[in-house]
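Notes for the structure review
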Amino acid sequence: MDAIFKALGDETRRQLLDRLRLKDGQTLTELEGALNMTRFGVMKHLRVLEAAGLMITRRSGRFKYHYLNAAPLQSVVDRWIEPLTQQILTRAVLDLKAELEGTDPMAKKADPKPDFVLQTYIRTTPEKVWEALTSSEFTKHYYSMGLAVRGDFKAGGTYQYLTGDDKVMLSGKILAADRPRLLDMTFVPGWSGPNAKASRNVYEIEAVGSLTKLTIMHYDLPKEFVGVKEGWSKIAASLKSLLETGEALSFG
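1. Concerning helix 4 (residues 39-51)
For helix 4, built from 13 residues, the straight-helix expectation of 18 Å at 1.5 Å per residue is met to within 8% by its first-to-last C-alpha distance of 18 Å. Those residues of helix 4 that sit buried are Gly41, Val42, His45, Leu46 and Leu49. Along the axis of helix 4, the buried positions cluster into a sector of 135 degrees, meaning they face one direction only. Counted as exposed and oriented over 90 degrees from the buried face of helix 4: Phe40, Lys44 and Ala51. Contact partners of the buried residues in helix 4: helix 1 (2-8), helix 2 (11-22), helix 3 (28-33), strand 1 (55-60) and strand 2 (63-68). Glycine 53 lies just past helix 4 and shows a positive phi near 80 degrees.

Structure (structure tokens):
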């Protein structure tokens, strides 16, 4: 938590986060071009943001791409802001959180890099995270509307997220599965109607000491999916809470 506040305390680092909020997945050259600072100076600030978990890097080919990571911001809100949501002065902080977790209006289709990346650490095992991602006994607690997942989570299989009256809200095909390390699948939103465009989301699960690192990536994210990024932030936060405390989060 100290590293998060330290990272946010510098104006240049806040500007870098703002840049990533407006356009996720930028290279060092792109970020450097927006600031009146040397390449070394920008790299130094990026290292602080990455150490605080506020930024994630992913390499694709010759380039390294930088992404805003909303999960640590969610932890700040859960600890310091949520208990005070009825107080007027905290509303401005919540608005800032929503802004930093905002959607990317410049997402590009057919790009080799993800359009969105989120990373969080959970005090549990990779097997338990896999189970939470693929079992309706878990998803109905941490997904909004109590969605229950059903499917065959093996390569070539399919899945659906269903409401209590069996309405399909999300579905897709399993492109790759390596339990409990990797789950790669298409993403077809039922709420968008019969002509909904398919995108792709990937879960990477990795043991890190007594913790498990969960990375969520979304590729080919259509511009009209304006709420998906904030949705992933809430899902990840609620999943983490459920596995660590036995209780999912409620976002009203």
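2. Digging into the packing of aromatic side chains
Taken as a whole and judged by the stated rule, the model has 8 aromatic pairs. On the numbers, 6.4 Å between centres and 50 degrees between planes, the contact of phenylalanine 63 with tyrosine 65 is tilted. Here phenylalanine 63 falls in the partly exposed class, since its relative accessible area comes to 38%. Aromatic pair phenylalanine 153 and tyrosine 159: ring centres 6.2 Å apart, planes at 25 degrees, arrangement stacked. By relative accessible area, tyrosine 159 is classed as buried at 2%.

3. Quick word on the confidence of the model for the protein
In this model, the protein carries a mean pLDDT of 85, and residues with pLDDT of at least 70 account for 84%. Within the protein, the lowest mean pLDDT, 54, falls on helix 6 (residues 91-100), and the highest, 98, falls on helix 7 (residues 126-134). Every residue in residues 84-90 scores below 50 in pLDDT, and together they form 5 contacts with partners more than four places removed in sequence or on other chains. Throughout residues 103-111 the model reports pLDDT below 50, and contacts reaching past four residues in sequence, or to other chains, amount to 20 contacts.

4. Brief notes about the nonpolar core
With 35 residues, the main nonpolar core has Tyr142, Tyr203, Leu214 and Trp232 as its most contacted residues. Sort the elements by how many residues they give to this core and helix 9 (residues 228-245) lands first, with 7 residues. Leu16, Leu35, Leu46 and Ala52 belong to the second-largest nonpolar core, a separate cluster that totals 16 residues.

5. Some details on the packing of helix 2 against helix 4
Direction vectors running N to C along helix 2 and helix 4 enclose 80 degrees, while the axes themselves pass 10 Å from each other. Comparing their axes, helix 4 and helix 2 come out roughly perpendicular. For the pair formed by helix 2 and helix 4, the contact residues are Thr12, Arg13, Leu16 and Leu17 on the first element and Val42, His45, Leu46, Val48 and Leu49 on the second. For the contact of helix 2 with helix 4, the class distribution of residues is 6 nonpolar, 2 polar and 1 charged.

6. Considering the side chain of threonine 134
Along the chain, threonine 134 falls in helix 7. In this structure threonine 134 comes out as buried when scored by relative accessible area, which is 17%. A distance of 2.9 Å separates a polar side-chain atom of threonine 134 from the backbone oxygen of tryptophan 130.

7. Quick look at the sheet that holds strand 3 (residues 116-122)
On the basis of which strands lie adjacent, the open sheet formed by 7 strands has the order 3-9-8-7-6-5-4 and antiparallel pairing. Looking at which strands have only one partner, the edges of the open sheet turn out to be strand 3 and strand 4 (148-151). Across this sheet, the average inter-strand angle for adjacent strands is 25 degrees, counted without regard to direction. Each of strand 3, strand 4, strand 5 (158-162), strand 6 (168-178), strand 7 (182-189), strand 8 (199-208) and strand 9 (211-219) is contacted by helix 7, which is oriented at about 155 degrees to strand 8, the strand it contacts most. Across the sheet, helix 9 touches strand 3, strand 7, strand 8 and strand 9, and the angle it forms with strand 3 is around 10 degrees.

8. Description of unusual backbone geometry
Between arginine 179 and proline 180 the backbone carries a cis peptide bond, its omega angle lying at 0 degrees. Of note, the phi angle at methionine 145 is positive, near 65 degrees, even though the residue is not glycine. Its location among the elements puts methionine 145 in the loop between helix 8 (136-142) and strand 4. Judged by relative accessible area, which is 57%, methionine 145 ranks as exposed. A positive phi angle, close to 65 degrees, is found at aspartate 166, a residue other than glycine. Looking at the secondary structure, you find aspartate 166 in the loop between strand 5 and strand 6. Classification of aspartate 166 as partly exposed rests on a relative accessible area of 46%.

Cut-offs applied
- Residues numbered from 1 in each chain as written.
- Predicted model: local features only at pLDDT ≥ 70, side-chain atom pairs only at ≥ 80, totals over all residues.
- Heavy atoms only, no water.
- Helix = DSSP H or I, 4+ residues; strand = E, 2+ residues; numbered from the N terminus.
- Expected span 1.5 Å × (residues − 1).
- Buried < 20%, exposed > 50% of the residue type's maximum accessible area, 1.4 Å probe, protein only.
- Arc of directions from axis to C-beta.
- Contact = heavy atoms within 4.5 Å.
- Phe/Tyr/Trp six-rings, centres within 6.5 Å; stacked < 30°, edge-to-face > 60°.
- pLDDT = per-residue confidence, 0-100.
- Core = buried A, V, L, I, M, F, W, Y, C linked by side-chain atoms within 4.5 Å.
- Axes fitted to C-alpha atoms, helices over the stretch in contact; angles between N-to-C directions.
- Parallel < 35°, antiparallel > 145°, perpendicular 65-115°, else oblique.
- Nonpolar A, V, L, I, M, F, W, Y, C, P; charged D, E, K, R; others polar.
- Polar contact = N/O pair within 3.5 Å; in protein donor to acceptor, adjacent residues only side chain to side chain.
- Pairing = 2+ DSSP bridges.

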